[in-house]
Amino acid sequence: MAYYSQTTGFYKGNDPKELLAKFGSPLYVYSEEILRQKARDMKNLADLPNFQSNYSVKANSNVSLLRIIHEEGLYADAMSPGEILALEAAGFEHEKIFYVANNVSSEEMKFALDRGIIVSVDSLDQLDQFGRIADGLEVAIRFNPGVGAGHSEKVVTGGKKTKFGVSMDDIDKVKEILARNKTTLIGINQHIGSLYMEKDPFIAAVKNLLEIAKSFKGLKIIDFGGGFGIPYKKQSGQEPLDIASLKDEFTEVLKAWMAETGETPLFKIEPGRYVVAESSILLGTVHAVKDNAGTTYVGTDLGFNVLARPMMYDSHHDIEVYPNDGRALGEVFEQTVVGNICESGDIMAKGRLLPEIKTGDTLGVMDAGAYGFSMSSNYNNRLKPAEVLIKADGSVKLIRKMDNYESLLINMLNL
Ligand SMILES: Cc1ncc(COP(=O)(O)O)c(C=O)c1O
Ligand SMILES: N[C@@H](CCCC[NH3+])C(=O)O
């Protein structure tokens with residue numbers, strides 16, 4: 001089976017090993033073409049003039065990538081002042097930003113309000129705090145649609161077992177708080193969880209949120225959240241989410257609701273992963289191979305400080321092997337790819353069938369663009385890697401410098 005990087009022409013003639021030599025190892029490499037294509041898929045997920053796609057910045061907040069997403073015509077949702085600042089740096093106008101807050105201070109709410117950014121709150125308590133900032137404010141509320149979905153319990157955000165959203169049973173209390181504080185509800189939103197490969201849970205939650213919307217006449221915004229999955233197991237033939245049929249059914253449900261209610265709010269979604277995940281390959285270097293009690297350990301610089309998903313959720317990322325010596329790839333056998341972090345759980349891939357890997361080889365970890373760099377850390381005082389973008393013409397642009405020891409220590413010295 002051909003590697004993903006070959007079928008997509010990902011590197012556009014650039015040699016992964018040379019990229020590492022130039023920018024350091026490990027390294028996040030992005031494809032501008034793939035990013036633009038995925039952004040367009042999401043921009044057009046409903047066939048309606050009153051539809052908008054908000055890119056969810058938490059998946060990847062690199063300012064150069066945000067600029068491309070902005071150029072493609074997506075709006076954005078932010079989760080913190082830091083994400084708002086990244087969006088501003090990328091040129092997003094404030095009216096294109098939606099602040100989906102979770103357990104934030106009134107100061108953070110004001111940070112968004114002062115910029116004219118719409119704030120969504122996700123509890124009765126936060127709704128009350130928001131309303132007390134001033135009379136006559138406009139707000140959105142995140143509801144829990146009662147349906148959840150996702151690749152791990154840790155990322156399911158709808159349904160009973162989650163901290164997110166206001167219950168559908170609390171609509172009367174919502175109305176009471178709004179009236180008491182003279183706050184106007186202009187939007188409702190939801191997010192059921194991250195990474196589903198079937199359209200059904202999303203469509204079910206869409207219908208539930210549209211039912212909730214009927215309790216509040218004249219809403220300007222109804223936002224159905226993100227969570228659209230990507231196939232992480234391409235090497236095993238996993239199929240992508242059927243975007244075309246999701247689009248048809250989603251559009252049909254929205255049209256039927258508009259016909260029934262006579263209302264035409266702005267409908268939105270909030271995809272993060274789908275837009276950025278497949279646009280990146282994380283490159284790293286093999287520093288040691290050893291056999292421990294029958295297990296072959298491939299020791300790399302790809303620790304969970306660089307990509308936390310496998311350690312955190314047991315997530316699978318396909319791996320490509322790029323031999324250092326130009327040898328042909330041999331038969332596959334079980335190998336466990338680990339990082340250089342001082343924890344036994346520092347495992348990128350456990351017992352994975354891979355061709356023989358040797359010290360000095362380069363590894364490519366696929367689909368690393370979402371929740372890759374954005375969840376990386378300086379654990380063990382390791383430096384966060386650089387990020388580069390391969391443009392359509394094959395040229396390579398540095399879009400984030402690697403950390404350096406000065407940046408690592410600066411907040412602790414000369415106090
Ligand atoms: C409120 C909200 N919106 C959007 C997203 C984006 O999710 P995904 O990256 O799965 O599309 C998330 C993360 O799960 C979220 O919490
Ligand atoms: N960080 C998760 C997704 C959760 C997104 C935020 N609600 C992942 O890597 O799969």
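Residues numbered from 1 in each chain as written. Chains lettered and ligands numbered in written order. Predicted model: local features only at pLDDT ≥ 70, side-chain atom pairs only at ≥ 80, totals over all residues.

As a further point, take the overall build of the protein chain. Helix and strand counts for the protein chain come out as 13 helices and 18 strands. By the compact-globule yardstick of 22 Å for 415 residues, the protein chain fits well, its C-alpha radius of gyration being 23 Å. On the principal axes, the C-alpha backbone points of the protein chain span a range of 70 × 55 × 45 Å. Residues classed as buried in the protein chain amount to 44% of the 415 residues present. Contacts spanning at least 24 positions in sequence make up 70% of the contacts within the protein chain whose residues lie at least 6 apart. (Helix = DSSP H or I, 4+ residues; strand = E, 2+ residues; numbered from the N terminus. Rg over C-alpha atoms; globule rule 2.2 N^0.38 Å. Buried ≥ 20, exposed ≤ 12 C-beta atoms within 10 Å, placed from the backbone. Contact = placed C-beta atoms within 7 Å.)

Lining the immediate surroundings of ligand 2 are Lys58, Val155, Thr157, Ser194, Leu195, Arg309 and Tyr371. In the shell around ligand 2, the residues fall into 3 nonpolar, 2 polar and 2 charged. (Near = placed C-beta within 6 Å. Nonpolar A, V, L, I, M, F, W, Y, C, P; charged D, E, K, R; others polar.)

Right, let's talk about the domain arrangement of the protein chain for a bit. It is common to give the size of an interface as the accessible area that goes away when the parts come together. You can read the domains of the protein chain as domain 1 (4–11 + 278–412) and domain 2 (46–270). On a C-alpha basis, the centroid separation for the pair domain 1 and domain 2 is 32 Å. On the side of domain 2, 14 residues touch domain 1, which itself brings 17 residues to the contact. Elements represented by at least two residues in the side of domain 1 that touches domain 2 include exactly β17 (386–390) and β18 (396–400). (Domains from an automatic or database assignment.)

This chain's UniProt record puts "binding site: pyridoxal 5'-phosphate" (unreviewed entry) on Gly227, Glu270, Pro271, Gly272, Arg273 and Tyr371. Residue classification places glycine 227 among the buried positions, given that 29 C-beta atoms sit within 10 Å. Tracing the backbone shows proline 271 in the loop between β10 (266–269) and α11 (273–276). Residue contacts for proline 271: discarding those within four places in its chain leaves Met42, Ser53, Tyr55, Ser56, Gly226 and Phe228. (UniProt positions renumbered as here; feature names shortened; annotations may be inferred.)

Our focus in this paragraph is unusual backbone geometry. That bond from serine 25 to proline 26 is cis: its omega, 0 degrees, falls within 30 degrees of zero. Within the chain, lysine 12 stands out as a residue other than glycine whose phi angle is a positive 50 degrees. Structurally, lysine 12 is set in the loop between α1 (4–7) and α2 (16–23). Residue lysine 12 is classed as partly exposed on the basis of its 16 C-beta neighbours within 10 Å. Phi at asparagine 414 is positive, roughly 55 degrees, even though this residue is not glycine. Among the structural elements, asparagine 414 can be located in the segment after α13 (405–409). Looking at asparagine 414, the number of C-beta atoms within 10 Å reads 6, which means it is exposed.

Turning our eyes to something else, we now look at the site of ligand 1. For ligand 1, the set of nearby residues contains 19 residues, the closest of which are Ser56, Ser194, Gly226, Gly272 and Arg273. A class-by-class count of the residues in the shell around ligand 1 yields 8 nonpolar, 8 polar and 3 charged.

On the UniProt side, "binding site: substrate" (unreviewed entry) is annotated at positions that read Arg273, Arg309, Tyr313, Glu343 and Tyr371 here. Maximum C-alpha separation among the annotated residues is 27.5 Å over a sequence range of 99 residues, too wide for a single clustered spot. Looking at the element boundaries, arginine 273 is found in helix α11. Judged by the 26 C-beta atoms lying within 10 Å of it, arginine 273 is buried. In this structure, arginine 273 is in contact with Ala59, Ser194, Leu195, Ile230 and Ala370, ignoring residues within four places of it in sequence. Among the structural elements, tyrosine 371 can be located in the loop between β16 (362–365) and β17. Classification of tyrosine 371 by C-beta neighbours within 10 Å gives buried; the count is 24. Setting aside chain neighbours within four positions, we find tyrosine 371 in contact with Ala59 and Arg309.

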